[in-house]
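Residues per chain are reported as follows:
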Amino acid sequence: MPPVKDLTQGAPGKVLIRYTLPLFFSVFFQQLYNIADTAIAGKYVGEQALAAIGASYAITMLFMAVAVGSQIGVGVVLGNLFGRKDFVRVRSCMTTALIGGTVLSLVLTAVGVLASPALMELVHTPADIFAEGERYLRIYTAGFVFVYLYNIITALFSSLGDSKTPLYLLMTSSLGNIALDLLFVIVWRKGVAGLAWATFLAQGIACAAALILILRRLGQLPKSKKSPLFSLRDLRDMIGMSIPGILQQSFISVGNLIIQTFINPYGSAVIAGYTAAIKLNTFAITCFNNAGTGMSGFTAQNLGAGLPQRVRQGFRAAVKMVCAIALVFTAVYLLGGNGLLLLFLDQDSSELALQTARTFMCITSPCFSVICIKVLADGVLRGSGSMGYFMTATLVDLVLRVVLAWIFSQFLGTTGIWLAWPISWAIATVLSAIFYAGGTWQKHIAPPEEASE
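Structural notes, computed from the coordinates. As a convention, each chain's residues are numbered from 1 in the sequence order in which they are written. For a predicted model such as this one, the threshold for reporting local features is a pLDDT of at least 70, and the threshold for listing and counting side-chain atom pairs is 80 or more; totals across whole chains, interfaces and linings nevertheless cover every residue. The basis for the side-chain values is all heavy atoms of the structure; hydrogens and waters are excluded.

### A look at the pattern of salt bridges
Salt bridges are identified by distance alone: a Lys or Arg side-chain nitrogen within 4 Å of an Asp or Glu carboxyl oxygen. With the rule as written, the count across this model stands at seven salt bridges. Notably, a salt bridge pairs arginine 217 with aspartate 162, separated by 2.7 Å at the nearest N-O pair. Taken together, the positions of arginine 217 in helix 7 (residues 191-220) and aspartate 162 in the loop between helix 5 (144-159) and helix 6 (164-187) put the pair 55 residues apart, joining distant regions of the chain. When sorted by exposure, arginine 217 lands in the same class as aspartate 162, which is buried. Strands here mean DSSP runs of E at least two residues long; helices mean DSSP runs of H or I at least four residues long; both are numbered from the N terminus. Exposure is judged per residue with a 1.4 Å probe applied to protein chains only, and the accessible area is read against the type maximum: over 50% gives exposed, under 20% gives buried, and values in between give partly exposed.

Next comes the structure, spelled out in structure tokens:
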């Protein structure tokens, strides 16, 4: 396995890019699976199946919000400890995160399985796709324990400077997931439920493999002094950093849930078109967000070592790299959008579904470079522990998107909903950039402590 990587040494830009690129490709393969999953549903099960999965999408993202928020909190605390070379607390933090994460994820899994029907009713799911959507959601949430723990373990690897192991795991699990999708849907003809069961199995296997690898990595860390298996102090620190991240991610998911309720009354054809387009949009945005995650890990380690100038140098290099990637996504989506949409919607799909998807992509994709600046500035704020600034910028984005979507939809229909995305992105990006440029995040540098080892 690759050794842990000290991000406080070497040319900041080069170190950050080498660290971030595996994270970028990790999410690329993860989103590749998500796209394949949706494409298989649309091509081999039908437009109704695609709409059923889409109707539950905002709910599944609410569960993912807890996983991603916890990942952020664990990553910031552990990265800062690693930057200070406090290996006693590094080991303690790792085991505490695994134990606490297991308990929380089991509780959320039970809630998801039991509350699936009520959640589908909450978003006003049309009757013709309700049963399939509820079945998909129930099976998906049954496997949430695997999703949550996998995200925690990814945070542990990344905080130790190892972004390659999560890449290898995701490449394997994503390709395996696609193979299982094809087996369940084409060979065994299990429909929407088959897609959910394929995801369940693939996530379970990936989680088990990741757990084995992180326990081996734990044994490789310096240990001249014994660490506690479970530490309330470390749990408190991680919860303190995780709660703002969970709230931020949850608010985003709740916002998407509200927007989904604006969309669902337009019928299954519009839902199917939106589902296809939002998958492509999410593919790009999640890639950018993972670059922000890399920026957080880089920031946490360097501030832990008392090196804020390296953070600024790394930020400038990251902006150039990620904005270049964003321009590629924009060009591909604008020039090849129709072909990409046909991955999800076959020739028999209604013109309304295709037009809905095309309009969404044409409105949102030209603004990808704008959102890149926001996620990188947010990465610095998260990595420094400046969660108040981070949440403020994110909430502005969310509230504006929901309010504008509702207002514009009264006059422009679904096109008005789509216009809310770039407008809210632009305003929130200005706010995040102001917070970053102000430099207040440097005040969150942890006071030097005598290392435990």
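### Examining the side chain of asparagine 302
Considering the arrangement of structural elements, one finds asparagine 302 in helix 9 (residues 268-304). For asparagine 302, a relative accessible area of 0% puts it in the buried group. Contacts are assigned to residue pairs that have any heavy atoms within 4.5 Å of one another. Setting aside residues no more than four positions away along its own chain, asparagine 302 makes contact with Leu7, Thr8, Leu307, Arg310 and Val311.

### Side note on the nonpolar core
Ranked by internal contacts, the top residues of the largest apolar core, which has 121 residues, are Met94, Phe288, Met295, Phe329, Phe368, Leu376 and Trp421. In terms of residue count, helix 2 (residues 47-83) provides more of this core than any other element does, 18 residues in total. Residue contacts for methionine 295: discarding those within four places in its chain leaves Leu16, Val311, Gly314, Phe315, Ala318, Leu376, Gly379 and Val380. Take the buried Ala, Val, Leu, Ile, Met, Phe, Trp, Tyr and Cys residues and link them wherever side-chain atoms come within 4.5 Å; each set so joined is a nonpolar core.

### Observations regarding the packing of aromatic side chains
When the centres of two rings from Phe, Tyr and Trp lie within 6.5 Å, Trp using its six-membered ring, the rings pair. Their planes under 30 degrees apart give stacked, over 60 give edge-to-face, and anything left gives tilted. In this structure the tally under the stated criterion is 21 aromatic pairs. Look at phenylalanine 360 and tryptophan 418: their rings are 5.3 Å apart centre to centre, the planes differ by 80°, and that puts the pair in the edge-to-face class. Here phenylalanine 360, found in helix 11 (residues 351-364), pairs with tryptophan 418, found in helix 14 (residues 414-438); they are 58 residues apart in sequence, far enough to count as distant. Take phenylalanine 360 and tryptophan 418: they sit in the same class, and that class is buried. In this structure an aromatic cluster arises from ring pairing among Phe283, Phe288, Phe329, Tyr333, Phe368 and Trp425.

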